[in-house]
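Each chain is listed here by its residues.
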Amino acid sequence: MKSHSSDNTNLIGCILAGGESRRMNGDTKALVTLQGKPMIAHIEQHLRAAGVERWIVSTNTDNDQPIKQVIDEGSDTVVDTQQAIGPLGGLSSCFQWLHTQMPDCLIYTCPCDTPFICAEVVHQLVTRMFEDQYDCVIAQAHSRLHPTIGVWRSELGNVLNDYLENQKNYRLMKWIDTLHYATCDFSYLPEKTFANINSPTDLLNNQ
């Protein structure tokens, strides 16, 4: 694997927003209003706070255009080429986009429904990444893994493509288990840091 500097100048954010939002009564989770602004705006805020200068948003065919209208100017969206396979679909699309746009970088992924993630998470994941030649580092907190929140080497795109061609198990951790990965423990942060807003009840309780 190529080496990377440990600052965030070559770190690209990838917001995973291609889910079907079934538990949100069909409303696009990235666009529901939380504390006065679209939920995806909270994700963009923590990316800026972490010094991430550019990010892309993985979407689906139904929510791509509405999301484009609210994300920061200069950000890009990429429609998941393989839909209905969960986070692996969004990750695969981000890798494909980066292969042509920025092939030598690290990727920080975060789902659009975790609005309380803080910059500390980004900083510590990147730091852990440089402790060894890991393929990826994922978050862990309070005895639970959070595999959608992690830092990845962009070279993994071809590895993921090969996996998707030969496997029918689309669980993200199933693929991660085939990689040289590490976890970064954030149990010192409040549990709410990693809370998901999945339903109208979750949304109401966090306004």
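Conventions adopted
Residues numbered from 1 in each chain as written. Predicted model: local features only at pLDDT ≥ 70, side-chain atom pairs only at ≥ 80, totals over all residues. Heavy atoms only, no water. Salt bridge = Lys/Arg side-chain N within 4 Å of Asp/Glu carboxyl O. Helix = DSSP H or I, 4+ residues; strand = E, 2+ residues; numbered from the N terminus. Buried < 20%, exposed > 50% of the residue type's maximum accessible area, 1.4 Å probe, protein only. Disulfide = S-S within 2.5 Å. Expected span 1.5 Å × (residues − 1). Phe/Tyr/Trp six-rings, centres within 6.5 Å; stacked < 30°, edge-to-face > 60°. Lys NZ or Arg CZ within 6 Å of the ring centre and 35° of its normal.

(A) A look at the pattern of salt bridges. Under the counting rule described, the total for this entry stands at five salt bridges. Of the charged contacts in the structure, one is a salt bridge between Lys29 and Asp113, with a shortest N-O distance of 2.6 Å. Pair noted here: Lys29 is in the loop between strand S1 (11-16) and strand S2 (33-34) and Asp113 is in the loop between strand S6 (106-111) and helix H4 (119-129), with a separation of 84 residues, a long-range link. By relative accessible area, which is 14% here, Lys29 ends up buried. Measuring nitrogen to oxygen at the nearest pair gives 3.3 Å for the salt bridge that ties Asp76 to Arg54. Taken together, the residues span a long stretch of sequence, with Asp76 in strand S5 (residues 76-79) and Arg54 in strand S4 (residues 54-59) at a distance of 22 residues. Owing to a relative accessible area of 25%, Asp76 belongs among the partly exposed residues under this scheme. Taking relative accessible area as the criterion, Arg54 reaches 30% and is therefore assigned partly exposed.

(B) Expanded view of the state of the cysteines. On inspection of all chains with the given rule, the structure shows one disulfide. Free cysteine: Cys136, not disulfide-bonded; nearest cysteine sulfur from Cys184 at 12 Å. The thiol sulfur of Cys184 is not disulfide-bonded, and the nearest other cysteine sulfur, from Cys118, lies at 11 Å. The exposure class of Cys184 is buried, given its relative accessible area of 9%.

(C) Looking closely at helix H3 (residues 87-101). Between its first and last C-alpha, H3 extends 21 Å over 15 residues, near the 21 Å set by a 1.5 Å rise per residue. Every buried residue belonging to H3 is among Leu88, Gly89, Gly90, Leu91, Ser92, Ser93, Cys94, Phe95, Trp97 and Leu98, and all of these are buried.

(D) Highlighting the packing of aromatic side chains. Going through the model one piece at a time under the given rule, you end up with three aromatic pairs. Ring pairs connect the aromatic residues Phe186, Tyr188 and Phe194, which therefore count as one cluster. Sitting over the face of the ring of Phe116, Lys192 holds its NZ or CZ atom 4.5 Å from the ring centroid.

Taken by themselves, the reported measurements are silent on function.
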